[in-house]
Amino acid sequence: MIKRRMIQGLLILALLCGAVLLAHPSAAWADVTATKPAQVDGVYQIGSAEELYGFAELVNDGETNANAVLTRDITINSNVLDEDGALNGDGSDFIQWTPIGNGSKPYVGTFDGQGRTISGLTIDSNARYAGLFGRIDYNGTVKNLTLADSYINSHINGGSGIFVYVGGICGHNLGTITTCSNNGTVTGVAASNNVYVGGICGWNLGTITTCSNSSTVTGTYVGGICGWNNGGSGVK
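Think of each chain on its own: its residues are numbered from 1, step by step along the sequence as written. The predicted origin of the model limits local features to residues at a pLDDT of at least 70 and limits the giving and counting of side-chain atom pairs to 80 or more, whereas totals for whole chains, interfaces and linings rest on all residues. Side-chain calculation: all heavy atoms of the structure are included, whereas hydrogens and water are not.

Asker: Which residues make up the state of the cysteines, and what values go with them?
Answerer: Here, a disulfide means two cysteine sulfur atoms that sit within 2.5 Å of each other. For the coordinates displayed, the defined rule picks out 0 disulfides. In this model Cys 201 remains outside any disulfide bridge; the closest cysteine sulfur is found in Cys 226, 4.8 Å from its own. Of all cysteine sulfurs in the structure, the one in Cys 180 sits closest to Cys 211, which takes part in no disulfide; the separation is 4.8 Å. Only protein chains enter the accessibility calculation, which uses a 1.4 Å probe. A residue is then buried if its area is under 20% of the maximum for its type, exposed if over 50%, and partly exposed in between. Taking relative accessible area as the criterion, Cys 211 reaches 17% and is therefore assigned buried.

Asker: An account of the nonpolar core is needed here, citing residue identities and associated values.
Answerer: Nine residue types can take part in a nonpolar core, namely buried Ala, Val, Leu, Ile, Met, Phe, Trp, Tyr and Cys, and a core is a set of them joined through side-chain atoms within 4.5 Å. Within the largest apolar cluster, 48 residues are counted, with the highest numbers of intra-cluster contacts made by Phe 55, Ile 76, Trp 97, Phe 111 and Ile 177. A run of H or I in DSSP counts as a helix once it spans at least four residues, and a run of E counts as a strand once it spans at least two, with each numbered from the N terminus. When residues of this core are assigned to their parent elements, the largest contribution, 7 residues, is made by helix α2 (residues 49-60). Pairs of residues are marked as contacts when any of their non-hydrogen atoms sit within 4.5 Å. Leaving out residues up to four positions away in the same chain, Trp 97 has contacts with Leu 52, Tyr 53, Ala 56, Ile 76, Leu 121, Thr 122, Ile 123, Gly 131 and Leu 132.

Asker: Report on the side chain of Asn 60, specifying residues and quantitative values.
Answerer: Inspection of the secondary structure assignment puts Asn 60 in helix α2. A distance of 3.0 Å separates a polar atom in the side chain of Asn 60 from the backbone oxygen of Pro 99. Two N or O atoms form a polar contact when they lie within 3.5 Å of each other; inside protein one atom must be a possible hydrogen donor and the other a possible acceptor, and for residues adjacent in sequence the pair counts only when both atoms belong to side chains.

Asker: Report on the side chain of Asp 112, specifying residues and quantitative values.
Answerer: Tracing the chain through its elements places Asp 112 in strand β5 (residues 110-119). When charges are counted, Lys and Arg contribute as positive and Asp and Glu as negative, whereas His and the chain ends are disregarded. Basic side-chain nitrogens of Lys or Arg form a salt bridge, by our definition, when they fall within 4 Å of a carboxyl oxygen of Asp or Glu. The side chain of Asp 112 is buried and forms no salt bridge, while Lys 143, the nearest opposite charge, is found at 4.3 Å. At 3.0 Å, the side chain of Asp 112 forms a polar contact with the side chain of Asn 144. Once residues lying within four places of it in the same chain are set aside, the contact partners of Asp 112 are Ala 68, Val 69, Leu 70, Lys 143 and Asn 144.

Asker: Quick rundown of the sheet that holds strand β11 (residues 170-173)? Include the residues and the values.
Answerer: Strands were regarded as paired on the criterion that DSSP finds at least two bridges between them. One open sheet accounts for 4 strands, arranged β8-β11-β14-β19; its pairing is parallel. In this open sheet, the two strands that pair with only one neighbour each are β8 (133-136) and β19 (226-229). The average angle at which neighbouring strand axes cross in this sheet is 5 degrees, direction not considered. The pairing of β11 with strand β14 (residues 201-204) spans 3 bridges and is classified as parallel. By the bridge assignment, His 172 is partnered in β14 with Trp 203. Axis definition: a line fitted to C-alpha atoms, over the contacting stretch in the case of helices. Angles run 0 to 180 degrees between N-to-C directions.

Asker: Break down the packing of aromatic side chains for me, with residues and values.
Answerer: Two rings belonging to Phe, Tyr or Trp (six-membered ring only in the last case) form a pair when the distance between their centres is within 6.5 Å. Interplanar angles under 30 degrees mark stacking, angles over 60 mark edge-to-face geometry, and anything in between is tilted. Inspection of every chain in the model, using the stated rule, returns 13 aromatic pairs. When the centroid spacing of 6.4 Å and the interplanar angle of 5 degrees are considered together, the rings of Phe 163 and Tyr 196 count as stacked. On the criterion of sequence distance, the pair formed by Phe 163 in the loop between β9 (141-156) and β10 (164-167) and Tyr 196 in strand β13 (residues 195-198) is long-range, its members being 33 residues apart. Phe 163 gets classed as partly exposed once you look at its relative accessible area, which sits at 33%. According to the relative accessible area criterion, Tyr 196 is buried, its value standing at 10%.

Given below as structure tokens:
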């Protein structure tokens, strides 16, 4: 009798779990399986969200000089923003993005979007370098790329001396960003107020040319294209 009750209890639990999954089907798409893209003549060919995540992973693991091209438009999440440009829901069902390159491993390769679009890029984290690319170093280039329906929000509560760099294409740039555009929301918040936020780039000491932005930008030091331009060849 006890064994029969235990089996009945397990069956009921299984049915309840199934009901939860049916009620929230998007919960099954909470992550993406990173897949290393194939190479042609030493250049990574990125044609899916899985391959985009795979490229980010290999760069952040140390292959910072990797070159890549987009071979098609990529959608990571759909309907990230509502008609007013605000985040749809609380964002918990959206796949989160980890930026390509960071403070210790900045990107130094060439990433050519070939006129393609990445849609639904979503960051809601405490990253100090936030954007499609976290940090682009000298000799790094990102070009011919559009971000659409993107939501990028970096929020850091502690540390009076912390600097935060947030941008659609790149948080912190020492290289070259050219012929790129962004449409979405870009926000940075930190207790230190050392927050540099731009529609394309948060902080620039490199070159930004022929770029456009139609994002809402919020932070301490903000700009439609660049939150803070600190020299280099500037914004053109």
